[in-house]
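Fold and contact review
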Amino acid sequence: GAGVSQSPRYKVAKRGQDVALRCDPISGHVSLFWYQQALGQGPEFLTYFQNEAQLDKSGLPSDRFFAERPEGSVSTLKIQRTQQEDSAVYLCASSPGLANEQFFGPGTRLTVL
Amino acid sequence: EDQVTQSPEALRLQEGESSSLNCSYTVSGLRGLFWYRQDPGKGPEFLFTLYSAGEEKEKERLKATLTKKESFLHITAPKPEDSATYLCAVQPRISGGYNKLIFGAGTRLAVHP
């Protein structure tokens, strides 16, 4: 795989359901980021991993949002008890070091009904 | 508060009509400024990184420049395939040493034949 992949590409959830979004970063990339992008807006930072360590979760909107990267590669963003305001595109990005450019995946579009 | 403002929100050009997109920023010390291109339904694609005032970078019909308060993305003789949303992002110097980005809302560019 040459780039960052995300799955599913689209997810429809009923309000109150739990969802899990997966990110496969570029192999060997140390840094992994999650962003949330509302329609017509730029991406907003959610959380950052350096290998398996979650060093910054200051952007997570509430305690319903949880992210993990247990083995320092694949990451999962979990949203519990989804609300309509959680509807957005969730983007994952990885970079080889700490301050390099980020390579983005295609995103997961989450719609909460 | 760190902030990025892009203008115009949308721009319509005729093929071959050169123009510039603006990115104004306020940040607690700038480590780097990034330009990305985003096509509908896709993740942002990296274009340029600029680190210091006076720096310029070019790629095909695009040239990015940086001052202490803003950056410009100049598009020379655009083609329809340049149609996309162009995102500007800043990396604050105080960001734990990693590449936490703050994005603007983007400029939607449409180039018509």
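Structure: see above.
A brief look at the structure comes next. Residue numbers restart at each chain and count upward from 1, following the sequence in its written direction. Chain letters start at A and ligand numbers start at 1, both assigned in the order the entries are written. Totals for whole chains, interfaces and linings use all residues, but because this is a predicted model, local features are given only for residues with pLDDT of at least 70 and pairs of side-chain atoms are given and counted only at 80 or more. As a rule here, side-chain values cover all heavy atoms of the structure and leave hydrogens and water aside.

Structural notes on the pairing of strand S7 (residues 65–68) of chain A
All names here are of chain A. Alternating positions in S7 separate cleanly, Phe65 and Ala67 being buried on one face and Phe66 and Glu68 remaining unburied on the opposite face. Sheet topology note: the S7/strand S8 (residues 75–79) ladder contains four bridges and is antiparallel. Note on S8: the bridge partner recorded for Phe65 is Ile79. Here the rule is simple: two strands pair whenever DSSP picks up at least two bridges between them. Numbering of helices and strands starts at the N terminus; helices are DSSP runs of H or I of at least 4 residues and strands are runs of E of at least 2. The loop that links S7 with its antiparallel partner S8 comprises six residues; one of these, Gly72, has a positive phi angle of about 80 degrees. Exposure is judged per residue with a 1.4 Å probe applied to protein chains only, and the accessible area is read against the type maximum: over 50% gives exposed, under 20% gives buried, and values in between give partly exposed.

Some remarks on the interface of chain B and chain A
By definition in these notes, contact holds between two residues if any of their heavy atoms fall within 4.5 Å. Contacts between the two partners involve 18 residues from chain B and, on the opposite side, 21 residues from chain A. The quantity reported as buried area is the accessible area (1.4 Å probe) lost by two parts once they are put together, taken as the sum for both. Buried area between chain B and chain A, both sides added, is near 1600 Å², and the carbon and sulfur share of it is 54%. Salt bridge, as applied in this entry: a Lys or Arg side-chain nitrogen positioned within 4 Å of an Asp or Glu carboxyl oxygen. Counting every contact that joins chain B to chain A gives one salt bridge. Here Lys100 of chain B makes a salt bridge to Asp56 of chain A, at a shortest N to O gap of 3.5 Å. The term polar contact refers here to a pair of N or O atoms within 3.5 Å; inside protein, the definition further demands a hydrogen-donor-capable atom paired with an acceptor-capable atom, and it admits residues adjacent in sequence only when both atoms are side-chain atoms. Where chain B meets chain A, there are four residue pairs in polar contact (both at pLDDT 80 or more). Mapped by element, the contributors of at least two residues to the side of chain B that touches chain A are strand S4 (30–38) and strand S9 (84–92) of chain B. The dominant element in the side of chain B that touches chain A, judged by the number of residues it contributes, is S4 of chain B, at three residues.

A look at unusual backbone geometry
Of the consecutive residues Ser7 of chain A and Pro8 of chain A, the connecting peptide bond is found in the cis state with omega at -10 degrees. Inspection of the secondary structure puts Pro8 of chain A in the loop between strand S1 (5–7) and strand S2 (10–13). Cis geometry is adopted by the peptide bond preceding Pro8 of chain B, which originates at Ser7 of chain B and carries an omega value of -10 degrees. Its location among the elements puts Pro8 of chain B in the loop between strand S1 (3–7) and strand S2 (10–14). One non-glycine residue, Asn51 of chain A, lies in positive phi territory at about 55 degrees. Checked against the element boundaries, Asn51 of chain A lands in the loop between strand S5 (44–50) and strand S6 (53–56). Even without a glycine there, the phi angle at Glu60 of chain B is positive, about 55 degrees. Inspection of the secondary structure assignment puts Glu60 of chain B in the loop between strand S6 (56–59) and strand S7 (62–66).

Some words on the packing of aromatic side chains
Here a pair means two rings of Phe, Tyr or Trp (six-membered ring of Trp) with centres within 6.5 Å. Their orientation is stacked below 30 degrees between planes, edge-to-face above 60, and tilted elsewhere. The tally for this structure, following the rule as stated, stands at ten aromatic pairs over all chains. Aromatic pair Phe33 of chain A and Tyr35 of chain A: ring centres 6.2 Å apart, planes at 25 degrees, arrangement stacked. Classification of Tyr35 of chain A as buried rests on a relative accessible area of 0%. Aromatic side chains Tyr35 of chain A and Phe103 of chain B sit 5.7 Å apart centroid to centroid with 90 degrees between the ring planes, which places their arrangement in the edge-to-face category. Note that Tyr35 of chain A is positioned in strand S4 (residues 31–37) and Phe103 of chain B in strand S10 (residues 102–103), a pairing that runs across two chains. The buried category is assigned to Phe103 of chain B, whose relative accessible area is 9%.

Brief notes about the state of the cysteines
All names here are of chain B. In what follows, a disulfide is any cysteine sulfur pair within 2.5 Å. Taken as a whole and assessed by the stated rule, the structure comprises two disulfides over all chains. With its sulfur 2.0 Å from that of its partner, Cys23 forms a disulfide with Cys88. Judged by the torsion about the S-S bond (-65 degrees), the Cys23/Cys88 disulfide is left-handed. Placement of Cys23 in strand S3 (residues 19–26) and of Cys88 in strand S9 is noted, with a sequence separation of 65 residues between them. Taken individually, Cys23 and Cys88 each receive the classification buried, so the pair is uniform in this respect.

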